[in-house]
Structure formats: structure tokens, C-alpha cells
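So you can see what is in the structure, the chains are spelled out below.
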Amino acid sequence: MSLSCKENKEKVTSVVSSDQCVNKQKPNIVLLFIDDWGWSDIGYRNDTFHTPNLNQFKKESLEFKRGYIPTPTCSPSRASLLTGKESVRLEMSRHIPEEEHFINEEYNIWPKDPVQRPSRNYLPLEEVTYAEKLKELGYYNMFIGKWHLGEGKHYPEFQGFDKTFGTTDNGHPKSYYYPFFQSGDPKAFQKDYKEGDYLTDVLTDGAVDFIENYDNKQPFMLSFWYYSVHGPSVGRKDLLKKYQDAGLKGKYAHHAAMVEAMDESIGRIRKALKAKAIEDNTVVIVISDQGGAYSNAPLNGGKKGGNTLGEGGARVPFIISYPGLTKPNTESNIPVQSIDLFPTIIEIASGDNYKNKDIQGVSLMPILKEDKIEQRNIFFFRSYEDQYAAVIYDDWKLVKYHSGKFQLFNVAEDISEQNDLIGQGLDIETKLKNDILIWEKEAVPSF
């Protein structure tokens, strides 16, 4: 499906090549990247959560029901999103920890990692980000929120972003209420805040302000990477009371309140796009960086507990609205990964097919146009515990452990991964064991 120039002028959302339509307007792009937001932490899947804005967004969008993160943990998930590469190839198989775990300026070691694999302390500046590619295509890049890919000289402004707001050296705040960060709130916030201010609201104010006051002729991409709903679980007090009154206990009540505050934020951003009269020419993408820290039922596993490559840790909410292209309230069950956003965003911005042999992501534009992509393996790798690698092909998933253990699941028929089919003589077991071995030899650096 492609739009004519006439349709483009009416909808200002052309996906045709520039030589077909000289006067096309490039769409703005808004990427909302949530932290530790589980696949089940959304109202239309779990009525524990009140998410009216996300529920409505889903009705207007395409949802990837099998969206995954190649290395589901903070820093690697960000590196993959930015570069379109599996983060293990960047030598970043863990989050960037406190300096006490650094072995030198470049690498850290995790004490409980059974193979003591070094992992990078920053994203190397020579890596090309989607912001740098968009800048070449005439886009203005705004970055808001959590970076967690290195300090100082490795900040967003050195990776293609024109302006930042709310960016810090921190992987998470000490509290979502002011003062937000242990080391003091940085100048990146650009104004003084006071007791009672809530971090998610402060960052959202910055995003809304950017949209309302943007007056450049060039299109923009707004990358809003939330600190929320990462711990510490500190719900906004008005929302927290509602969940406590409904019977939720302890940190889970705080978590539900944080999810609703995030939902409010998304609603405010979409309202600002509408008020600016640019919603019909703005692609909105919502995705999480990994599974939740609480229950991810019916999925098994999560951020913690040694099964992060389980569906509850690696599968995340992933929704795209491309006005004039994606059909409302549609779903795809094709397995995709966050690395696929890099080429997809470049194709959205350029209107042309994008090929790059140096990245592992593939464009999702065919799926956005109700077509298919070539069937492929998607791979996973992290370095914290015995479980360390996995591969998905179609409905099948193989999980690998340092101890020699394997697990095999049909995640289409067994979404909760309760029926381990390893050792049953299935041809798919042989195929995936061979595929993951070949991939490890190619992709996983040796130290």
C-alpha cells in the first residue's frame, strides 16, 4: 500500500519515494520508551491497571503482540534501539552499573556472572544512531529523560540529538518526588523544582512544552525515554490512594499508580500533538525496554528471578500509529525486535527502502502496510546468570544456559512456557541448537 501525492497533501503522511512526490511533507516521529513496563501492565490485558489513553491508542494503532528486546535490561536495550544492532555485538551485555563494578574505564564485571564476561560502560561514539541518520535527512532531534549509556562525553548531544531535557548520569531516580536524584538534580532540568513535584509529570511538561513551542520548518523526532516505571516504586499520591482503596498492597499499589501516571503522560503528549494540528502527520511509537519487575502473568519470567529471557522478561508492549498507513485496532503476531525500529524510522523519514548490512534490525514497514517480512531467527543474550541466550523462530523458542541446560517452547500454543519440549525428538530442536551455536560464534565477542 502506498499513498498518492493527492492523498499525501490531504493526509500529509506519504510513504512514497521522494522522486514520486516532490512536495511531500516528512512526518514527525514521537518515540515513547518506557522503563520496566511489563507486557501485561496495561488495562486492555489486565484490569488491575487503569490506562484509558493507552487503551484508546491501541484502538487507533497497530500492535505487535510479539515484540521483543534482544538484551532485556536497561543499557543494552537502549543501545540496541539507538543503533539497530544486537547489543552483545557492541560488547554491552548488561546494564551500566555503579563504578564499584568497573574493571577499567571501558568495561565492568558483574560479581554473580558465572562466566565473568566484561560489558561496556558506555555506547561508543563511533556507533551510528537513528538520531544521526535523521539529522542527515533534515530532522531536528529532541531527547528527554533517561539515557543510561554513559556519562559526560557520551551524552545524547554527542550522538545526534540537538537538545536534551531531564538527562542525568542515573539509571533511576532515588525518588519520583522532588528531589529526584541522589546526587542532586542536574542543570538539564533547566529550572528549579519544589517539594511535591513528580518526575514523570516534570518530564511530560518538558515534552508538551517542546511540542507546543516547536516552530522550526524541519520535521522533528521526539525521543522521550521515561525513567518510569523503573523502581523505586513511588506512585503519585492521588493515584496511589485509588489503588490502595481498591485493595492493592505495598509496592504493587505504587507500581499500578506509576503505570497510570505514565498513561496520563502519553495522553497529554497526544493531546499536545492534536492541539498543534500535527497529529495527522506524526508517527507515534510506544515500547518498553524490558519486562516488569512484578507479575507478568500469563507470561513466565520477568526482570528479576533468573528467567529474564522468558516471555515475561523479553516480550514487551509495542504499538505504532502511522496515520494514513497503519489500520486502526490491528495486530501482528510476527516476532519482531526493538532493533527493527532503526531501519523502520529511517524509512519513515526518507520515504525510501533502507538497507544496511551492519545492523541486524529489519524494517517493519511491510507489516505496517499489511504485508509480511522474511521469516528469520531473532536472538537474545545477557550476562548475569546461568540463563544467557535464546533464539525464536516463528512459534518456537529455545533457551540456553551456561550449565548445559536447554529449554524448548512453542510460545504460540504455550504462552506461559509451562510445557518444555526439549528432548522430544523434534526437528526444530536440532535446527535451533545449531542456529544459536552459529550465531554465538559470529555475534558474541570473546575476551
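Residues numbered from 1 in each chain as written. Predicted model: local features only at pLDDT ≥ 70, side-chain atom pairs only at ≥ 80, totals over all residues. Heavy atoms only, no water.

The name that an unreviewed UniProt entry assigns to the protein chain is Sulfatase, with the source organism given as Algibacter mikhailovii. Taken verbatim from the UniProt record of the protein chain, the Sequence similarities (unreviewed entry) comment is "Belongs to the sulfatase family." Quoted verbatim from the Cofactor (unreviewed entry) field of UniProt, the annotation for the protein chain is "Ca(2+)". (UniProt positions renumbered as here; feature names shortened; annotations may be inferred.)

Asker: Go over the side chain of aspartate 289, please, and point to the residues and values.
Answerer: Position of aspartate 289 among the secondary structure elements: in the loop between β9 (282-288) and α8 (311-314). Judged by relative accessible area, which is 0%, aspartate 289 ranks as buried. For aspartate 289, the side chain forms a polar contact with the side chain of arginine 78, separated by 2.9 Å. In contact with aspartate 289, not counting residues within four places along its chain, are Phe33, Ile34, Asp35, Asp36, Ile69, Pro72, Thr73, Cys74, Ser77, Arg78 and Val316. (Helix = DSSP H or I, 4+ residues; strand = E, 2+ residues; numbered from the N terminus. Buried < 20%, exposed > 50% of the residue type's maximum accessible area, 1.4 Å probe, protein only. Polar contact = N/O pair within 3.5 Å; in protein donor to acceptor, adjacent residues only side chain to side chain. Contact = heavy atoms within 4.5 Å.)

Asker: Go over the packing of helix α2 (residues 52-59) against helix α7 (residues 250-275) with me, naming the residues and quoting the values.
Answerer: The angle between the axes and the distance between the axes are what describe a pair of packed helices. Here α2 crosses α7 at 55°, and the two axes come no closer than 7 Å. As far as their axial angle goes, α7 and α2 are oblique. Across the interface between the two elements, Pro52, Asn53, Leu54 and Phe57 of α2 pack against Met262, Asp263, Glu264, Ile266, Gly267 and Arg270 of α7. (Axes fitted to C-alpha atoms, helices over the stretch in contact; angles between N-to-C directions. Parallel < 35°, antiparallel > 145°, perpendicular 65-115°, else oblique.)

Asker: So what's going on with the nonpolar core? Which residues, and what values?
Answerer: Of all hydrophobic cores here, the largest spans 52 residues; its most connected members are Leu32, Trp37, Phe220 and Leu222. Going through the elements one at a time, β1 (28-34), α2, β6 (140-145), α5 (199-213), β8 (220-225), α6 (237-245), α7 and β9 are the ones with two or more residues in this core. Looking at this core element by element, the count peaks at 11 residues for α7. When near neighbours in sequence (up to four residues on either side) are disregarded, tryptophan 37 contacts Ile42, Leu54, Val229, Val259, Met262, Val286, Ser288, Gln290, Gly292 and Pro317. (Core = buried A, V, L, I, M, F, W, Y, C linked by side-chain atoms within 4.5 Å.)

Asker: Please give an account of the sheet that holds strand β13 (residues 336-337) that cites residues and values.
Answerer: In sheet architecture, strand pairing relies on hydrogen bonds along the backbone and comes in two forms, parallel and antiparallel. Read from one edge of the open sheet, 3 strands run β10-β3-β13, paired in mixed fashion. Bordering the open sheet on either side are β10 (315-316) and β13, each of which pairs with just one other strand. Two elements, strand β3 (residues 67-68) and β13, share 2 bridges in a ladder whose sense is parallel. The residue bridging glycine 67 from the neighbouring strand is valine 336, located in β13. (Pairing = 2+ DSSP bridges.)

Asker: Break down the pairing of β1 for me, citing the residues and quoting the values.
Answerer: The buried count for β1 comes to 7 of 7 residues, which makes it a mostly enclosed element. Burial along β1 is two-sided: Asn28, Val30, Leu32 and Ile34 and Ile29, Leu31 and Phe33, pointing in opposite directions, are all buried. Where β1 meets β9, 7 bridges bridge the pair, whose relative direction is parallel. What sits directly across from valine 30, in β9, is valine 284. In the sheet, β1 pairs with β8 via 5 bridges, with the strands oriented parallel. Across the sheet, the residue bridging to phenylalanine 33 is tryptophan 225, located in β8.

Asker: Which residues make up unusual backbone geometry, and what values do they have?
Answerer: Cis geometry is adopted by the peptide bond preceding proline 179, which originates at tyrosine 178 and carries an omega value of -5°. Topologically, proline 179 is positioned in the loop between β7 (163-165) and α5. With an omega of 5°, the peptide bond running from glycine 231 to proline 232 counts as cis. Within the element layout of this structure, proline 232 appears in the loop between β8 and α6. The phi dihedral of glutamine 116 is positive, around 50°, even though this residue is not glycine. Along the chain, glutamine 116 falls in the loop between β4 (107-108) and β5 (119-120).

Asker: If you had to explain the packing of aromatic side chains to someone new, which residues and values would you point to?
Answerer: Tallying each qualifying case throughout the model produces 28 aromatic pairs. Residues tyrosine 68 and phenylalanine 380 carry aromatic rings whose centres are separated by 5.6 Å and whose planes lie at 80° to one another, so their mutual orientation is edge-to-face. Highlighted residues: tyrosine 68 in strand β3 and phenylalanine 380 in strand β14 (residues 377-381), separated in sequence by 312 residues. The exposure class assigned to tyrosine 68 is buried, which follows from its relative accessible area of 0%. With centroids separated by 6.1 Å and ring planes inclined at 35°, the aromatic side chains of tyrosine 176 and tyrosine 198 adopt a geometry described as tilted. In this pair, tyrosine 176 is assigned in the loop between β7 and α5 and tyrosine 198 in the loop between β7 and α5, connecting sequence segments 22 residues apart. The class of tyrosine 198 is buried, set by a relative accessible area of 3%. Against the face of tyrosine 393 rests lysine 431, its NZ or CZ located 4.5 Å from the ring centre. Just above the ring of phenylalanine 406 sits the side chain of lysine 433; from NZ or CZ to the centre is 4.7 Å. (Phe/Tyr/Trp six-rings, centres within 6.5 Å; stacked < 30°, edge-to-face > 60°. Lys NZ or Arg CZ within 6 Å of the ring centre and 35° of its normal.)

Asker: An account of the pattern of salt bridges is needed here, citing residue identities and associated values.
Answerer: Considering all chains together, one arrives at 35 salt bridges under this definition. Notably, a salt bridge pairs arginine 45 with glutamate 63, separated by 2.8 Å at the nearest N-O pair. Of this pair, arginine 45 sits in the loop between β1 and α2 while glutamate 63 sits in strand β2 (residues 62-64), and the two are 18 residues apart along the sequence. Taking the relative accessible area as the measure of exposure, arginine 45 reaches 23% and is therefore partly exposed. Using a relative accessible area of 1% as the deciding quantity, one classes glutamate 63 as buried. The salt bridge partner of lysine 241 is aspartate 245, with a shortest N-O separation of 2.8 Å. In this pair, lysine 241 and aspartate 245 are both assigned in helix α6, 4 residues apart and thus about one turn of the helix distant. (Salt bridge = Lys/Arg side-chain N within 4 Å of Asp/Glu carboxyl O.)

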